[in-house]
Amino acid sequence: MAKIIAVTQQKGGVGKSTITMHLGAAFHEMGRKVLVVDADKQTTLVHWSSTASTKGRMPFQIVNLSETGGEIHREIKKFISDYDLIIVDCPPSITEKISGIVLLAANVTVVPISSSPADYWSSIGLIKLIQQAQIMNKALKGVFLLNKTEEKRMLTRELKRSLKELGFPLLKTQIPTRECYKQAMALGQTVLQMTDRSSKLASAEIRACTNEISALLK
């Protein structure tokens, strides 16, 4: 039976879809049978995968469930027996039913956050939603993932301290800002399929992040 990872955040622009797609690629590389679910009405993942050539297309299946609303858990359930892992790109809003329903079914929720005060403020409401879901879903684990970071920036260091004060776990791996992620999206690929130096560095970071999340699933 598939484990479920929800990639959630209350606001857009934090790289939620990028993280979802790259986790899918890295888990596939680890030998897992992966399904990626696009539950965001912007359907970024669907558009991303549609730009790929036959040679460079995604090595895992992507399904669009963005219009299923409160029925999304029933649609996901149809795939549970066919995959090892289902990764859901949730909408950038905690007021929509989809995010809350997915959290009730998920094993892990990954919350991407960049070094922006607005991201931090929006995450406080999301933490409350995750904690509410954990009351009913005892198996749910939640973690922050620092994304689009610049380590030397004071805001990044301050954000790390603030997240610790919230008492919510933070993955050790962080994902720096790299142009190769935009290039990968334009090509309909992930950085794991690319060979330039920046993509190789990015791939190592994605794999390290995926290993951490994989440990949480055990």
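What this report covers is the structure whose coordinates are included nearby. What you see is a predicted model; the values in this text were computed from it and never measured.

## Examining the side chain of Thr-190
- Its place among the elements puts Thr-190 in the loop between α7 (180–187) and α8 (197–216).
- Look past the residues within four positions of Thr-190 in its chain and what remains in contact with it is Met-21, His-22, Ala-25, Met-58 and Ala-184.

## Notes on α7
- The set of residues buried in α7 consists of Cys-180, Tyr-181 and Ala-184. Along the long axis of α7, the arc covered by the buried residues comes to 105 degrees, so they all point the same way. Exposed and oriented more than 90 degrees from the buried face of α7 are Lys-182 and Ala-186.
- Residues of α7 that are buried in the fold lie against α1 (16–29), α2 (44–50), β7 (175–176) and α8.
- Of the residues trailing α7, Gly-188 is marked for its positive phi of about 70 degrees.

## Some remarks on the nonpolar core
- Counting residues in hydrophobic clusters, the biggest one holds 35 residues, and the most contacted among them are Val-37, Ile-72, Ile-76, Ile-86, Val-88 and Val-102.
- Ranked by residues supplied to this core, first place goes to helix α5 (residues 117–136) with 6 residues.
- By size, the runner-up hydrophobic cluster in this structure holds 34 residues, among which are Val-7, Leu-23, Phe-27 and Ile-175.

## A look at the pattern of salt bridges
- A full pass over the atoms with the stated rule returns 6 salt bridges.
- The salt bridge involving Arg-74 is made with Glu-71; its shortest N-O contact spans 2.7 Å.
- For Arg-74, a relative accessible area of 47% puts it in the partly exposed group.
- Using a relative accessible area of 40% as the deciding quantity, one classes Glu-71 as partly exposed.
- Through salt bridges with shared partners, a single network forms among Lys-16, Asp-40 and Asp-89.

## Quick look at the packing of α1 against α8
- Relative orientation of the contacting elements α1 and α8 amounts to 75 degrees, with a least axis distance of 9 Å. By the angle between their axes, α1 is roughly perpendicular relative to α8. Here His-22, Leu-23, Ala-26, Phe-27 and Glu-29 of α1 lie close against α8, whose contacting residues are Ile-206, Arg-207, Cys-209, Thr-210, Ile-213 and Ser-214.
- Of the residues in the contact of α1 with α8, the class split is 6 nonpolar, 3 polar and 2 charged.

## Details of the packing of helix α4 (residues 97–105) against α5
- At a closest axis distance of 9 Å, the pairing of α4 and α5 adopts a crossing angle of 40 degrees. As summarised for this structure, α4 and α5 are arranged oblique, according to the angle between their axes. In the packing of α4 onto α5, the handedness of the crossing is right-handed. Touching Ser-99, Gly-100, Leu-103 and Leu-104 of α4 are Leu-129, Ile-130, Ala-133 and Met-136, all from α5.
- Residue composition of the contact of α4 with α5, grouped by class: 6 nonpolar, 2 polar and no charged.

## Some points on the layout of surface pockets
- Volume-wise, the largest pocket comes out at about 460 Å³.
- What lines the largest pocket is a set of 21 residues, and nearest its centre among them are Val-14, Gly-15, Thr-18, Lys-148 and Met-185.
- Mapped onto the lining of the largest pocket, the elements with two or more residues apiece are α1, β6 (141–149), β7 and α7.
- Looking at side-chain class alone, the lining of the largest pocket contains 6 nonpolar, 9 polar and 6 charged residues.

The rules behind the values
All residue numbers here refer to positions counted from 1 along the written sequence of the relevant chain. For this predicted model, a pLDDT threshold of at least 70 governs which residues receive local features, and a threshold of 80 or more governs which side-chain atom pairs are given and counted, while totals over whole chains, interfaces and linings are taken from all residues. The side-chain figures draw on all heavy atoms in the structure; neither hydrogens nor water molecules are used. Counting from the N terminus, the helices are the DSSP runs of H or I reaching at least four residues and the strands are the DSSP runs of E reaching at least two. It only takes one pair of heavy atoms within 4.5 Å for two residues to be counted as in contact. Whether a residue is buried, partly exposed or exposed follows from its accessible area with a 1.4 Å probe, protein chains only, as a fraction of its type maximum: under 20%, in between, or over 50%, in that order. Directions drawn from the helix axis to the C-beta atoms are what define this arc. We define a nonpolar core as any set of buried Ala, Val, Leu, Ile, Met, Phe, Trp, Tyr and Cys residues linked to one another through side-chain atoms lying within 4.5 Å. Any Lys or Arg side-chain nitrogen located within 4 Å of an Asp or Glu carboxyl oxygen qualifies as a salt bridge. In this description, a line fitted to the C-alpha atoms serves as the axis of each element, helices being fitted only across the stretch in contact, and the angle between N-to-C directions of two axes falls anywhere from 0 to 180 degrees. Put simply, angles under 35 degrees are roughly parallel, angles over 145 are roughly antiparallel, angles from 65 to 115 are roughly perpendicular, and the rest are oblique. Residue classes follow a fixed rule: Ala, Val, Leu, Ile, Met, Phe, Trp, Tyr, Cys and Pro count as nonpolar, while Asp, Glu, Lys and Arg count as charged, and any other residue, Gly among them, counts as polar. Note: crossing handedness is left-handed where the near helix turns anticlockwise from the far helix by less than a right angle, and right-handed where it turns clockwise. The distinction between a cavity and a pocket rests on a 1 Å grid over the protein atoms alone: a 1.4 Å probe fits inside a cavity but cannot get out, while a pocket stays open yet meets protein on both sides within 12 Å along at least five of seven lines, and a residue with an atom within 4 Å of a point counts as lining. Grid points are joined across faces, edges and corners, and a volume is the space filled by probe spheres set on the points.

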